[in-house]
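# Descriptive analysis of the structure
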Amino acid sequence: MSRDTGGRSRMTGKQRREQLIHIGRTLFADRGFEGTTVEEIAAKAGVSKPVVYEHFGGKEGLYAVVVDREIRTLLDGITEALTTEVTGPRGLVELAALALLDYIDSSTDGFRILVRDSPTGQSTGSFASLISDIASQVEHILAAEFKRRRLDPRAAPMYAQMLVGMVALTGQWWLDSRKYNKADVAAHLVNLAWNGLSGLERNPALQTASPTR
């Protein structure tokens, strides 16, 4: 860190970039993308608007960096959980659920950003795309379990989406309510998911829908 002519410490370019990312992350979590302005980001950083544009090209660029970091953090946690040596597929499901809840607990601002709507025209970083990314990492667990139970493994990707979506939305509810501790939430999630999976029918069909639908 250098000093300007007034004797004050001046940030390096790298330090300034990290400061702006931190400020942007906080504002995006609190107010969303649309509710956050470049003026506000610059003011909180104590710089002019051109500094923000210089580092990120605008609010959209800063948002993209923040979202990318959060997604990598979450996916790294899920990947680590799925590569941990445990006994049986249920253990992996438990670890995956806990990994997502751990992220929600330790990176509350990041999770709030991810569950908000993405800016118009931005195809990446949406909550739906994140769910798909995580689900793709648990497909192989379900496919192997389906084969063992003589179920159609081609349906595993669909069930992976269901499972991860359930955990993510429950995590969003837990973030706001905090009525249970993290381990209890994970236990209840796995109770529903695993016991539901253990009773899957080979050829499921609706019992209440009209045959003409």
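All figures in this text were calculated on a predicted structure; none of them were measured in a lab. Throughout this document, residue positions are counted from 1 along each chain, in the order its sequence is written. Per-residue local features of the predicted model are confined to residues with pLDDT of at least 70, and side-chain atom pairs are confined, for both listing and counting, to 80 or more; whole-chain, interface and lining totals are unaffected and use all residues. Based on all heavy atoms of the structure, the side-chain values leave hydrogens and waters out of the count.

UniProt positions are given in the numbering used here, feature names are shortened, and annotations may be inferred rather than shown by experiment. What UniProt calls "DNA-binding region" (unreviewed entry) maps, in this numbering, to residues 37-56. A helix here means a DSSP run of H or I that spans at least four residues, while a strand means a run of E at least two residues long, and both kinds are numbered starting from the N terminus. The straight-line gap between the two end C-alpha atoms of residues 37-56 is 14 Å; of that span, 80% is helix and 0% is strand.

The residue Glu 70 is located in helix α4 (residues 59-82) in this model. Under the rule applied, a polar contact is a pair of N or O atoms within 3.5 Å (in protein, one hydrogen donor and one hydrogen acceptor; residues adjacent in sequence only if both atoms are side-chain atoms). Here Tyr 103 takes part through its side chain, which lies 2.6 Å from a polar atom of the side chain of Glu 70. Residue contacts are counted whenever heavy atoms from the two residues lie within 4.5 Å of one another. Once residues lying within four places of it in the same chain are set aside, the contact partners of Glu 70 are Arg 25, Tyr 103, Ser 107, Gly 110 and Leu 114.

Turning our attention to the packing of α4 against helix α7 (residues 127-148). One can describe the packing of α4 onto α7 by two numbers: an axis separation of 11 Å at closest approach and a directional angle of 10 degrees. With respect to their mutual orientation, α4 and α7 come out roughly parallel. Touching Ile 71, Leu 74, Leu 75, Ile 78, Thr 79 and Leu 82 of α4 are Leu 130, Asp 133, Ile 134, Gln 137, Val 138 and Ile 141, all from α7. A breakdown of the residues in the contact of α4 with α7 according to their chemical character gives nine nonpolar, two polar and one charged. Note on geometry: axes are lines fitted to C-alpha atoms, helical ones only across the stretch in contact, with angles between N-to-C directions running from 0 to 180 degrees. Should an angle fall under 35 degrees it is taken as roughly parallel, and over 145 as roughly antiparallel, whereas 65 to 115 is taken as roughly perpendicular and any remaining angle as oblique. Charged residues are taken to be Asp, Glu, Lys and Arg, nonpolar residues to be Ala, Val, Leu, Ile, Met, Phe, Trp, Tyr, Cys and Pro, and polar residues to be all remaining types, Gly included.

This part covers the side chain of Lys 59. Checked against the element boundaries, Lys 59 lands in helix α4. Despite being buried, Lys 59 has no salt bridge partner; Glu 34 is the closest side chain of opposite charge, sitting 4.8 Å away. Once you skip the residues sitting within four places of it in the chain, Lys 59 turns out to touch Phe 28, Phe 33, Glu 34, Thr 36, Thr 37 and Val 38. Whether a residue is buried, partly exposed or exposed follows from its accessible area with a 1.4 Å probe, protein chains only, as a fraction of its type maximum: under 20%, in between, or over 50%, in that order. When charges are tallied, Lys and Arg are placed among the positive residues and Asp and Glu among the negative ones, while His and the ends of the chain are skipped. Think of a salt bridge as a Lys or Arg side-chain nitrogen and an Asp or Glu carboxyl oxygen that are within 4 Å of each other.

Inspection of the entire model under this criterion finds 12 salt bridges. The shortest N-O distance in the salt bridge between Asp 30 and Arg 31 comes to 3.7 Å. Accessibility expressed as a relative area gives 55% for Asp 30, which makes it exposed. Classification of Arg 31 as partly exposed rests on a relative accessible area of 42%. With a shortest N-O distance of 3.1 Å, Arg 178 and Asp 105 are connected by a salt bridge. Of this pair, Arg 178 sits in the loop between α8 (156-177) and α9 (182-198) while Asp 105 sits in helix α5 (residues 88-106), placing them 73 residues apart in sequence. Taking relative accessible area as the criterion, Arg 178 reaches 38% and is therefore assigned partly exposed. By relative accessible area, which is 34% here, Asp 105 ends up partly exposed. Among the charged side chains, a salt-bridge network with shared partners connects Asp 102, Asp 105, Arg 178 and Lys 182.

This paragraph deals with the nonpolar core. Most often, soluble globular proteins keep nonpolar side chains buried together rather than apart. Counting residues in hydrophobic clusters, the biggest one holds 64 residues, and the most contacted among them are Leu 74, Ile 104 and Leu 130. Those residues within four positions of Leu 130 in sequence are excluded, and the remaining contacts are Ile 71, Leu 74, Leu 75 and Leu 114. The nonpolar core is taken to be a set of buried Ala, Val, Leu, Ile, Met, Phe, Trp, Tyr and Cys residues, with the residues joined through side-chain atoms within 4.5 Å.

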